Amino acid sequence: MFSVEKKLELILRQSPSIILIFDKDGRVEFCSDSFLHLVKLHRELIHGEEFTKIYELFGDQPFITGSVDAFKNIQNAHTPLTEIKEVFNHRTGTYQFFEISSIPVFDDNGAFDGAVVSFVDKTADKESETVQRIQVMFDSVPLACSLWDSSGQMLDCNQGVVQLFGLQSKWDYIDHFYELNPEYQPDGELTAKKAERLIKAAFETGWQKFEWMYQTRDGKPLPVETTLVRIPWKDEYRIAAYSMDLREVVHTRTLIDNLKIKKEAAEETAQIRSVFLANMSHEIRTPMNAVLGILYLLRQTALTDEQKTLTDTCQQSASLLLNVINDILDFSKIDSGKLTLENREFVLAEMFNKVITVVSHLASQKGLTIELEPLKHVPTRVVGDSLRLQQILMNLLTNAVKFSEQGTVRISVKREEFNKESVTLLFTVKDCGIGMTPEQQSKLFRPFTQADLSTTRKYGGTGLGLVICKSLAELMGGQIWCESGLGSGSMFRFTAKFGIARISPQTAVIEAQPVSSQDIVIPAYAQRAKILLAEDNKVNQMVAKALLQQKGFDLDIANNGKEAVEMTQKNHYDLILMDVQMPEMDGLEATRRIRVLTDTPIIAMTAHAMSGDRELSLEAGMNDHITKPIDPGVLYETLIRWIKKIAL
């Protein structure tokens, strides 16, 4: 028979719990077999040894460290202590959670006599708690989440999945996953095969991110962005799949793609229109250059009065046709946003004189007079685009003359707003013509629209003039409108903003009037200049040759850009006049090649008059750009400006 003490010792020794008993000095009086099994030590090595020596010998053992620390705490406090610690188990090679309890032992006199330290394995409880926390996070994350094993089997999913698909429970998703997928993904791969491939790749690499196409129960597409993440799970790995609804993203992406397609189509249309207008301009301006050039040359010969009248009439008709072309080009520039304004000082009175001088000829033919009211309370000089201001006034005055049969066309300008930096002026053009109804007025300032659209209308025009005036007035910071009544004439008014000119003795000079080509005197040094003309049109060659030889210039002619390059290699020229559109080699490419050979001034003399054409000429290496039909005066002045002075 064993004594009670012996039985208790056997029970404690064989207990699955880890138990140690220390005396008051910290010597080990007892330890359970489970403790020895964990620390892999013999009982003799620690039995009767002080905890300080044990600590020195085996302090790298977590269970010994935990036991010694527990005794030291109870030795100091003399009160029961309990704490949870993570301890590495050498036997299993894993970390475990233990509840370490330290209970003090007192003798009959109440003096501290030792302590009992026990370890209770709480790993299962801790794992259960961790699993619960993970489950809470899994269920509450605002994404559709699912859990997969290495075989491609879905293990679980959260409420985000249920909400995404509008299901009753998560089992509807787990049990019917492939029913919620189309047979094929958008890239053509089988859904089942692709899912298996991606899960396998995620196990190998740690993660995968991709777009996936589901479908709802009613067959509607449900695009998502899915991220697969490999996570440790007990003694193996799992794949957590996180999916984000992309329906709004795809909808927005589709809208952006559609807008991009429409934008590209609009740009293509604009490009086609721009090319068409450029070609139309070129094809019209080329023969117009010949017509106006020949008429100019013809006017220099001895003509009878009847011949002069016929020549003048033909020249006026050609000029009107050129105005139509210019209207179309200006509208194209405005429509594409490429029309810009210049800012230069000019004298208002002189600008009015130029406009009235031009229109007075048309007015006198109809017995009309043009009257400018005195310029009061307006600056003498302003800063702005005088040519575009002239264009608006010229258009309004021409219309006023066109629609008036008798009487006077009146022009006035008044100051609207004024400060040290700028002034806003109100311009008015009043005719005594047929007037307009309110309905007709509502159609003004619309592209290609006129007050009278009937095919038998008495008055012609493109329907672009007022549209251009409106755009120019707005570019000048103003607006334009009409006040009219049927049978009582019309009054067109517009505002424009200008800078205030800084007048000084040096700048307060009278601007020069345009010089007639007949009055231009070519300096002696320029008359000795040799010029190369690159032009493929035979009639324009004839016109240019006559204009240049009339002023004494020596001229060679190249029929295309290739010939121009070859002739430049063989001969010295003081200036080159270069057409842009020519066969075999265009003027831009010819200029680039000539620039490698010489710095001779090259002037574009071309029918290319669209927005950006001048810039293209300059970028190719040309020095200046004049457009057809050629104004002889502009041609002569340009030659004088660019021909280098030849030593006499």
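Residues numbered from 1 in each chain as written. Predicted model: local features only at pLDDT ≥ 70, side-chain atom pairs only at ≥ 80, totals over all residues. Heavy atoms only, no water.

1. So, the pattern of salt bridges
Part 1: Throughout the structure, instances matching the rule amount to 21 salt bridges.
Part 2: Residue Asp 25 is joined to Arg 27 by a salt bridge in which the shortest nitrogen-to-oxygen separation is 3.3 Å.
Part 3: Residue class for Asp 25 comes out partly exposed when judged on its relative accessible area of 42%.
Part 4: Across the salt bridge formed by Lys 170 and Asp 156, the nearest N and O atoms sit 2.8 Å from each other. With Lys 170 in helix α8 (residues 170–175) and Asp 156 in strand β7 (residues 154–157), the pair connects residues that are 14 residues apart, well separated along the chain.
Part 5: A relative accessible area of 21% places Lys 170 in the partly exposed class.
Part 6: A residue is classified by how much of its surface remains accessible, and Asp 156, at 14% relative accessible area, is buried.
Part 7: A single salt-bridge network, built from bridges that share partners, covers Asp 23, Asp 25 and Arg 27. (Salt bridge = Lys/Arg side-chain N within 4 Å of Asp/Glu carboxyl O. Buried < 20%, exposed > 50% of the residue type's maximum accessible area, 1.4 Å probe, protein only. Helix = DSSP H or I, 4+ residues; strand = E, 2+ residues; numbered from the N terminus.)

2. Section: empty space enclosed by the protein
Rolling a probe over the atoms, with the probe sized like a water molecule, indicates the empty space that remains.
Part 1: This structure, assessed with the given rule, holds 4 cavities of 30 Å³ or more.
Part 2: Quantified by volume, the largest cavity comes out at close to 140 Å³.
Part 3: Together, 14 residues line the largest cavity, and Trp 148, Phe 177, Phe 210, Tyr 214 and Leu 228 are the ones closest to its centre.
Part 4: Residue assignment for the lining of the largest cavity shows that the elements contributing at least two residues are β6 (144–148), α9 (191–205), β8 (207–215), β9 (221–233) and β10 (236–245).
Part 5: Within the lining of the largest cavity, the residues separate by chemical class into 11 nonpolar, 3 polar and no charged.
Part 6: The volume enclosed by the second largest cavity comes to roughly 70 Å³.
Part 7: Of all the elements, helix α17 (residues 538–550) adds the most residues to the lining of the second largest cavity, at 4 residues. (1 Å grid on protein atoms, 1.4 Å probe; cavity = no way out; pocket = protein on both sides within 12 Å on 5 of 7 lines; lining within 4 Å. Points joined across faces, edges and corners; volume = space filled by probe spheres on them. Nonpolar A, V, L, I, M, F, W, Y, C, P; charged D, E, K, R; others polar.)

3. Remarks on unusual backbone geometry
The phi angle of most residues is negative, glycine excepted, and most peptide bonds adopt the trans form.
Part 1: Following Lys 628, the chain continues into Pro 629 via a peptide bond in cis, with omega recorded as -5 degrees.
Part 2: Mapped onto the secondary structure, Pro 629 falls in the loop between β22 (624–627) and α21 (632–642).
Part 3: Notably, His 377 is not glycine yet its phi reads approximately 60 degrees, a positive angle.
Part 4: Along the chain, the position of His 377 falls in the loop between β12 (369–372) and β13 (381–384).
Part 5: For His 377, a relative accessible area of 66% puts it in the exposed group.

4. Some details on the packing of aromatic side chains
Part 1: For the structure shown, the criterion picks out 14 aromatic pairs.
Part 2: Taking the centre distance of 6.2 Å and the plane angle of 45 degrees together, the rings of Phe 352 and Phe 427 count as tilted. Here Phe 352, found in helix α12 (residues 348–365), pairs with Phe 427, found in strand β15 (residues 422–430); they are 75 residues apart in sequence, far enough to count as distant.
Part 3: The class of Phe 352 is buried, set by a relative accessible area of 1%. (Phe/Tyr/Trp six-rings, centres within 6.5 Å; stacked < 30°, edge-to-face > 60°.)

5. Regarding the confidence of the model for the chain
Part 1: On average, residues of the chain score 81 in pLDDT, and 83% of them reach the 70 mark or higher.
Part 2: The least confident element of the chain, judged by mean pLDDT, is helix α4 (residues 51–58) at 65; the most confident is helix α18 (residues 561–570) at 95.
Part 3: Low pLDDT (under 50) marks residues 453–460, which in the prediction has 9 contacts with non-local residues, meaning those over four places away or in another chain.
Part 4: For residues 504–515, every residue scores under 50 in pLDDT, and the model assigns this stretch 14 contacts once sequence neighbours within four places are set aside. (pLDDT = per-residue confidence, 0-100. Contact = heavy atoms within 4.5 Å.)

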